[in-house]
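The residues making up each chain are set out below.
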Amino acid sequence: PVNDATASWFGRHWLWVALVVIGTIHLPSLGHDFVDFDDDTIFLQNDTLRRADIGALADIFAWDRPTDYRPVRDVSHWVDHLAHGQDPFWAHFHNWLLLLGVAFVFGQLLRRLEFGGGLGMTTLLFAFLHPVQVETIAWVSGRKDLLAGLFLFSACWAFLRVYERASPLRVLGVMVLMVLGMFSKGHIVMAPVIFA
């Protein structure tokens, strides 16, 4: 009976257990400085991020920017800079929170796809405990991957709701999430292939 109760509790709360494990494993990354060369060009030396005027947003969304057009990522860095300056701890902390958000949405997507048991827990842990995930927190420039992942998994979750019962508002929601993902990192342009 104790084992059954424990298994039942774990079955209902596996996602929260996974988030605690993932969060704890990645906590040491909060102590990093700005380490990647992209941290310097994207965050530290970006004159637009240093501006406190609303015109900075217009520059962030300007279409004539170079090939690195990721305005959602840049807006998140701009807000970071306004709130905390160039403090690496807060930039890493926000990336850490985003990683937990991505893991949560991914876990909800697994539940929606009825992979919420042991297979779901194993998949979630392997996906987010893998050492490559350290990069998304240790490098401030990893923010683009976290934002793109958050919007992609949210779009997939929303798409399942459209698939169950279509409505114009739900379709619009999927499209908005896809655009936000593409404005975080261009690779999300592949989302329709995933949906298909």
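Provided above is the structure to which this section pertains.
We now turn to the structure provided with this report. This is a predicted model, so every value here is computed, not measured.

### Notes on the packing of aromatic side chains
Here is step 1 of the chain: Tallying each qualifying case throughout the model produces 11 aromatic pairs.
Here is step 2 of the chain: With a centroid separation of 6.1 Å and 75° between ring planes, the pair formed by Trp63 and Phe183 is classed as edge-to-face. You can see Trp63 sitting in the loop between α3 (55–61) and α4 (71–84) and its partner Phe183 sitting in the loop between α9 (168–182) and α10 (191–195), a full 120 residues away along the chain.
Here is step 3 of the chain: On the basis of relative accessible area, Trp63 is assigned to the exposed category, the value being 67%.

### Things to note about the pattern of salt bridges
Here is step 1 of the chain: The final tally for this structure, using the stated rule, is 7 salt bridges.
Here is step 2 of the chain: Between Arg143 and Asp80 there is a salt bridge, with the nearest N and O atoms lying 2.6 Å from each other. With Arg143 in helix α8 (residues 143–164) and Asp80 in helix α4, this residue pair connects regions lying 63 residues apart in the sequence.
Here is step 3 of the chain: A salt bridge links Lys185 to Asp145, with the nearest nitrogen and oxygen atoms 2.4 Å apart.

Parameters and conventions
Residues numbered from 1 in each chain as written. Predicted model: local features only at pLDDT ≥ 70, side-chain atom pairs only at ≥ 80, totals over all residues. Heavy atoms only, no water. Phe/Tyr/Trp six-rings, centres within 6.5 Å; stacked < 30°, edge-to-face > 60°. Helix = DSSP H or I, 4+ residues; strand = E, 2+ residues; numbered from the N terminus. Buried < 20%, exposed > 50% of the residue type's maximum accessible area, 1.4 Å probe, protein only. Salt bridge = Lys/Arg side-chain N within 4 Å of Asp/Glu carboxyl O.

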